[in-house]
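# Coordinate inspection notes
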Amino acid sequence: MSKKWLALMFIPIFLILYYSSNSGNTAIGLVGILWFIFIAIAQFIVKR
Amino acid sequence: MQTILSFTPLLILLSCLLIFKLTTSKSGALSVIAAIIIAFLFFGMDIFGLTVAMSKGMSLALYVLLIIWSAVFLYHLVYEFEAIDVINKNIIIFIKDPFTQFLLLSWLFSSVLQGIAGFGVPVIIVVPILIHLGFNPLLSVAAVLLGHSWSVSFGSMGSSFFAITLVTGLEQQITGYAMAIFDFVAMNMMGLTVCYIYGKWEYVKKGLLYVIPTSLVMISVMFAVLSLNLLSLVGLTTALSGLVTMYIIYAIKEKPGKPDELYADKLTLGKALLPYTTIVGLSLLFQALKLGQYSIAFKYPAFVTKLGYEVAQQASYAKIKIFGHPAPIIAMSVIAAIIAYKRAGIWETEKFKNVVNKTINKSIGTTISLVFLITMALVMMDSGMTTTLAVKVSEITGRFYPFFAPYVGVLGSFITGSNTNSNVIFGKFQISVATALGVNTYIMAGLQSISGSIGVSLGPTTILMASSASGLSGQESEIYKMVIKPVLLTAAIMGVLNYLLLVVFQFTLGGVL
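Treat the numbers as computed from the prediction; the structure is a model and nothing was measured. Within every chain, residues take consecutive numbers counted from 1 along the sequence as written. All chains are assigned letters beginning at A, and all ligands numbers beginning at 1, according to the order in which they are written. Totals for whole chains, interfaces and linings use all residues, but because this is a predicted model, local features are given only for residues with pLDDT of at least 70 and pairs of side-chain atoms are given and counted only at 80 or more. To get the side-chain values, take all heavy atoms of the structure and skip hydrogens and water.

The secondary structure content of chain B amounts to 20 helices and 4 strands. Its C-alpha atoms give chain B a radius of gyration of 22 Å, within 12% of the compact-globule value 24 Å for 513 residues. Each principal axis of the C-alpha atoms in chain B carries an extent, and together these give about 75 × 50 × 45 Å. The proportion of buried residues among the 513 residues of chain B is 60%. Note on definitions: a residue-residue contact is assigned when non-hydrogen atoms from the two residues lie within 4.5 Å. Across chain B, every contact between residues at least 6 apart in sequence was considered, and the portion connecting residues at least 24 apart equals 81%. Per-residue and other accessible areas follow the Shrake-Rupley method at a 1.4 Å probe size, with only the shown protein chains counted as cover for residues. For chain B, the exposed surface amounts to about 18,900 Å²; the carbon and sulfur share of it is 67%. The average position of the 29 basic charges and that of the 19 acidic charges among the side chains of chain B differ by 4 Å. Only DSSP runs of H or I with at least four residues qualify as helices, and only runs of E with at least two residues qualify as strands; both kinds are numbered from the N terminus onward. Here the globule rule reads 2.2 Å times residues to the power 0.38, and the radius of gyration is calculated from C-alpha atoms. A 1.4 Å probe rolled over the protein chains alone gives each residue an accessible area, and that area as a share of the maximum for its type sets the label: buried under 20%, exposed over 50%, partly exposed in between. Charge assignment: positive for Lys and Arg, negative for Asp and Glu; neither His nor the chain ends contribute. Positions of charges follow a simple convention, taking NZ of Lys, CZ of Arg, CG of Asp or CD of Glu.

Residues M1, W5, L8, I11 and L15 of chain A make up a contiguous nonpolar surface patch of about 580 Å² in total accessible area. With respect to the element layout, L8 of chain A can be found in helix α1 (residues 3–8). Candidate patch residues must exceed 30% relative accessible area and have no salt bridge, after which like charges are joined if within 9 Å and Val, Leu, Ile, Met, Phe, Trp or Tyr side chains if within 5 Å. For this analysis, a salt bridge means a side-chain nitrogen from Lys or Arg found within 4 Å of a carboxyl oxygen belonging to Asp or Glu.

Looking now at empty space enclosed by the protein. Empty space among the atoms can be located by rolling a probe the size of a water molecule over them. All names here are of chain B. Points on a 1 Å grid over protein atoms alone make up a cavity when a 1.4 Å probe fits among them but cannot get out, and a pocket when they form an open set with protein on both sides within 12 Å along at least five of seven lines; lining residues each have an atom within 4 Å of a point. Grid points are joined across faces, edges and corners, and a volume is the space filled by probe spheres set on the points. Inspection of the entire model under this criterion finds 3 cavities of 30 Å³ or more. Size it by volume and the largest cavity reaches roughly 60 Å³. Contributing to the lining of the largest cavity are L10, A377, M380, M381, T386, L389, V424, I425, K428 and F429. Elements with a minimum of two residues in the lining of the largest cavity: α14 (349–383), α15 (385–397) and α17 (419–437). In this classification, Asp, Glu, Lys and Arg are treated as charged, Ala, Val, Leu, Ile, Met, Phe, Trp, Tyr, Cys and Pro as nonpolar, and every other residue, Gly included, as polar. Of the residues in the lining of the largest cavity, the class split is 8 nonpolar, 1 polar and 1 charged.

Turning our eyes to something else, we now look at the interface of chain A and chain B. In this assembly, 23 residues from chain A lie in contact with 28 residues from chain B. When two parts are put together, the accessible area they lose, computed with a 1.4 Å probe and summed over both, is reported as buried area. In total, chain A and chain B occlude about 2,300 Å² of area from one another, counting both sides; carbon and sulfur atoms represent 83% of this. Ranking the residues of chain A by area buried against chain B places F14, F36 and F44 of chain A at the top, with a combined share of 25%. One can count 0 salt bridges joining chain A with chain B. Here a polar contact is recorded for every N or O atom pair within 3.5 Å, except that within protein the pair must consist of a potential hydrogen donor and a potential acceptor, and residues adjacent in sequence are included only if both atoms are side-chain atoms. There are 3 residue pairs in polar contact (both at pLDDT 80 or more) connecting chain A and chain B. Looking at the side of chain A that touches chain B, the elements with two or more residues in it are α1, α2 (10–23) and α3 (26–42) of chain A. In terms of residues, the side of chain A that touches chain B owes the most to one element, α3 of chain A, which gives 9 residues. Of the residues in the side of chain A that touches chain B, the class split is 14 nonpolar, 7 polar and 2 charged.

Okay, structure coming up:
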């Protein structure tokens, strides 16, 4: 996976977090937060 | 304990960038993870609070990134179709005197480019022109890095400026006025510094004739454009007015005579400038038509952390005005440029594909870094970490904090290489300290942004870009030696001005102390 794909993943993460913020669904919110953290960790795995 | 924890994400960011020499995206990744964990475990922020803060951070990042993506795309378009070459060569035709060339190109022309594109573009373009004209590479690099640094905050169609107003929640126009006060100091200092780089004190004396009147015209134009609320055009129009003013002074002084003819290749100068004249024209038109009601915004609920820190509801957050945000206007100017290139017979689909690819490649790192850093800043803000830190700093430094405040802005740009990132990380922090001290928040925000602006010339990425553009790779320490003193001196002068305005005169702006 390239950094381009990692950057594109911000789109669904943002949608999940935004939906969760306004619906109060913290289970989905937790998925968004963990996915965001995964993207952050992936910066050290993906080279290009 | 809470203060140390509040500082931890920033400490991680600083350590990663300065000690471990990690990239901004990796450093941002570690610091945002730290901010999320600390907010959750020690600041009573639950999952709901985190989703709101992180979503807010990403919506702010979207606002700024739209400007960055479109500005980078436009730059690559005019570069790939050689319009920038036509603009550069025409400037050289007009100015014959070497000192005037050096000052005009590194102080003003680079600032015009910053007004349009930014992100290292002034350095990449102007340094090779100066070297091509026969100037010393090291002096050229230092002059361009410092010369355009006053224009970074309002540059790139205002991305850094919008970032600080979004992060702090301060009114845009008034923040702009506060920034202009400090930018007057920065533009004078950087103009005179370029003169000093060219020929020490002898040329500083000579340069006064250009720098002082040009700066006076530029600051007047800056206030005028701010008062017209054309916020994304402040950088471009100010630098352009400086360019014209300095040329008029040169023409009166040296009487160079009219050039025989303008340089034109496949594009005339008028067509090469078309995207930029379109941006200015459309911005003025949309401002006059008052189409501000067409916008996209995000809404966020209020919440309270377990420690009792209250975060207000946001009904219209990170509002993107369809006919006011720079990105749609740049998109329209791109269409105008494409039509002009097709009519001139220079359109090539292959070149356009290159433009798209270069824009994507150039923007990925910035996008990832900015999302991490803005999200970190929002988690720190909404969890109460920023306020905790600000209160402690104001307790320690007391009324003398305004002296030190510019160095915080410079540090932000130094570690991240970006005025926007500096404003995102430290913008809210600076105004929280101002609030804790009971002084004007707008002045402090203005100082933060302009000190971040001059600090960009110390950014590792900018220095690397400059060294590669000038063939000075491996001599980065020499560049740093030339650049660091003027930045620190200018920051000190801005600190004194900040102290005088905030503490001695208790200056009011925006109807608040």
